[in-house]
Amino acid sequence: MQQQIQTMQQQQQQQMQTMQQQIQAMQQQQQQQMQAMPQQLQGMQPTQEQQQMQAMPQQLQGMQQQQQIAMQQLPRQGGGKRRAESLEGGSAKRQCGSRERIGIKQAILNSIESSINQWGDLGKTLQKELKQRENNYVKIAETIRNICANNPDAGKMFGTKVVRDALIEWGNSVKTVQGRTSFAGAICNICANNPAAGKMFGTKKVGDLLIKWGNSATTAQERANVAGAISNICFKNPDARKMFGTTKVKDLLIKWGNSATIAQERENVAGAIGHICVDNSDARKVFGTKEVKDLLNKLENSATTVQEKATVAWAMQQQQQFMK
């Protein structure tokens, strides 16, 4: 895993250097065009097109500065210990690094998207390179998900701060169905029957990320993986139960349960409700409602597998303690 992360970082540096070279070439080209403009235009009121051309070198220069800042903010190379420190935290300043990198990357992407018509082929090239980086992150998450499927030993191996923080940083930028499915699936499988990993991933950052993916989910498998991740994180984790015992999470689970089309989605929604309710008096007002009870009854009637029926029946027992 460490080698994969280091390889990804090296690829990212190479891509950033290529982008810098392209930006510099474009900037030189624009400056040459500006110098070649007829002298008589200098005394005339500039047109909108001319204003855009005059502003373009500054836009490119700003873009280059953002790239240089992003390069400086990347995790250090040259040793597992130093790399782990940059991901795991340390000083307050270092802990802000990942958020700053995410913000810089998003600012860069926004600049490219807003200037795509002006930059033409260069803008398209930069967008393609940023998209390729996201695809590489998704492949890593997908690999972790597959390795940890029904494999508790692998879950223990990947249930670390380094992996958690990497998934948080990369997962914040995913925008595709495959990306959300892979990242949520990785967290779900790492934490399956793994209370230690559940505590490691039971943080507000992970919780916010799962809700973010859940709000963007458009497929049954995305929803199943997010619900499964919530369920597994809450397993033997009182703090996580309180964190997820909110109206926002309840509304998502009810929405998914009422529209569920696959057994895994129905089972994971029921499992999430059940685990949130275990020994969680704070969730009584939120989950101890007729609406939640009716949903579980519906899931019970729709269950098609033995495991699904067992999970729903167990979740009904946990929720019924709030109905007394």
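Residues numbered from 1 in each chain as written. Predicted model: local features only at pLDDT ≥ 70, side-chain atom pairs only at ≥ 80, totals over all residues. Heavy atoms only, no water.

Attention now goes to the overall build of the protein. Regarding its fold elements, the protein presents 19 helices and zero strands. By the burial criterion, 46% of the 324 residues in the protein qualify as buried. Put simply, the protein shows about 16500 Å² of open surface, and 47% of that area lies on carbon and sulfur atoms. (Helix = DSSP H or I, 4+ residues; strand = E, 2+ residues; numbered from the N terminus. Buried < 20%, exposed > 50% of the residue type's maximum accessible area, 1.4 Å probe, protein only. Areas by Shrake-Rupley, 256 points an atom, 1.4 Å probe, with all protein chains shown as cover.)

This paragraph deals with the environment of Gln 317. Structurally, Gln 317 is set in helix H19 (residues 306-320). Separated by 39 residues in the primary sequence, Gln 317 and Val 278 have C-alpha atoms spaced 9.7 Å apart.

Going through the model one piece at a time under the given rule, you end up with two aromatic pairs. For the pair Phe 183 and Trp 213, a centre-to-centre distance of 6.0 Å together with 45 degrees between the ring planes defines the contact as tilted. Placement of the pair is Phe 183 in helix H10 (residues 177-191) and Trp 213 in helix H12 (residues 204-216), with a sequence separation of 30 residues. The buried category is assigned to Phe 183, whose relative accessible area is 0%. (Phe/Tyr/Trp six-rings, centres within 6.5 Å; stacked < 30°, edge-to-face > 60°.)

With that settled, the discussion passes to the side chain of Asn 237. Checked against the element boundaries, Asn 237 lands in the loop between helix H13 (220-234) and helix H14 (238-244). Here the side chain of Asn 237 touches Gly 198 through a polar contact of 3.1 Å, landing on its backbone oxygen. Not counting the four nearest positions on each side in its chain, Asn 237 is found in contact with Gly 198, Lys 199 and Gly 202. (Polar contact = N/O pair within 3.5 Å; in protein donor to acceptor, adjacent residues only side chain to side chain. Contact = heavy atoms within 4.5 Å.)

Here the focus is the confidence of the model for the protein. Detailed reading of the predicted model is not advised wherever pLDDT is low. On average, the protein scores 76 in pLDDT, and the residues at 70 or more come to 59%. Of all secondary-structure elements in the protein, the lowest mean pLDDT belongs to helix H3 (residues 80-88), at 28, while H13 reaches the highest, 98. Low pLDDT (under 50) marks residues 36-57, which in the prediction has 15 contacts with non-local residues, meaning those over four places away or in another chain. Below pLDDT 50 for its whole length, residues 70-97 participates in 41 contacts with residues either more than four positions away or in separate chains. (pLDDT = per-residue confidence, 0-100.)

Moving on: the pattern of salt bridges. Using the criterion set out here, one finds nine salt bridges in the structure. Here Lys 250 and Glu 291 are joined by a salt bridge, their closest N and O atoms 3.9 Å apart. Linking Lys 250 in helix H15 (residues 247-259) with Glu 291 in helix H18 (residues 290-302), this pair joins segments that are 41 residues apart in sequence. For Lys 250, a relative accessible area of 10% puts it in the buried group. Here Glu 291 falls in the partly exposed class, since its relative accessible area comes to 44%. (Salt bridge = Lys/Arg side-chain N within 4 Å of Asp/Glu carboxyl O.)

If you look at the biggest cluster of nonpolar residues, it comprises 58 residues, and the most contacted ones within it are Leu 167, Ile 187, Leu 210, Leu 253 and Phe 287. Per-element accounting of this core gives the leading share, seven residues, to H10. Contact partners of Leu 210, with chain neighbours within four places excluded, come to Ile 187, Val 226, Ala 229, Ile 230, Ile 233 and Phe 244. (Core = buried A, V, L, I, M, F, W, Y, C linked by side-chain atoms within 4.5 Å.)

We now examine unusual backbone geometry. Its identity is not glycine, yet Asn 150 carries a phi of approximately 55 degrees, on the positive side. Summarising the element assignment, Asn 150 is placed in the loop between helix H7 (121-148) and helix H8 (152-158).

Put simply, the largest pocket is a space of about 650 Å³. Around the largest pocket, the lining is made up of 26 residues, and of these Cys 188, Ala 192, Asn 232, Glu 267 and Asn 268 lie nearest the centre. Looking at the lining of the largest pocket, the elements with two or more residues in it are H7, H10, H13, helix H16 (263-277) and H19. Each residue belonging to the lining of the largest pocket can be placed in one class, and the counts come to eight nonpolar, 16 polar and two charged. (1 Å grid on protein atoms, 1.4 Å probe; cavity = no way out; pocket = protein on both sides within 12 Å on 5 of 7 lines; lining within 4 Å. Points joined across faces, edges and corners; volume = space filled by probe spheres on them. Nonpolar A, V, L, I, M, F, W, Y, C, P; charged D, E, K, R; others polar.)

The subject of this paragraph is the packing of H10 against H13. How two helices pack is summed up by the angle between their axes together with the distance between the axes. H13 packs onto H10 with a crossing angle of 25 degrees between their chain directions and a minimal axis gap of 8 Å. Taken together, H10 and H13 sit at an angle that is classed as roughly parallel. By crossing handedness, the relation of H10 to H13 is classed as left-handed. Every residue of H13 that contacts H10 at Val 177, Arg 180, Thr 181, Ala 184, Gly 185, Ile 187, Cys 188 and Cys 191 is listed here: Gln 221, Glu 222, Asn 225, Val 226, Gly 228, Ala 229, Asn 232 and Ile 233. Each residue belonging to the contact of H10 with H13 can be placed in one class, and the counts come to eight nonpolar, six polar and two charged. (Axes fitted to C-alpha atoms, helices over the stretch in contact; angles between N-to-C directions. Parallel < 35°, antiparallel > 145°, perpendicular 65-115°, else oblique. Left-handed = near helix turned anticlockwise from the far one by under 90°.)

This next bit is on the packing of H12 against H13. As a packed pair, H12 and H13 sit with axes 9 Å apart at the nearest point and diverge in direction by 155 degrees. With respect to H13, the element H12 is oriented roughly antiparallel. Where H12 crosses over H13, the two elements pack in a sense that is left-handed. Contacts from Val 206, Leu 210, Trp 213, Gly 214 and Ser 216 of H12 reach H13 at Glu 222, Val 226, Ala 229, Ile 230 and Ile 233.

Counting along an α-helix, one turn takes 3.6 residues, and residues three or four places apart therefore face a common direction. Taking 1.5 Å as the rise per residue, H16 with 15 residues should run 21 Å; its terminal C-alpha atoms sit 21 Å apart, in good agreement. Of all 15 residues in H16, 13 are buried; the element is thus mostly enclosed. At the C-terminal side of H16, Asp 279 shows a positive phi close to 45 degrees. (Expected span 1.5 Å × (residues − 1).)

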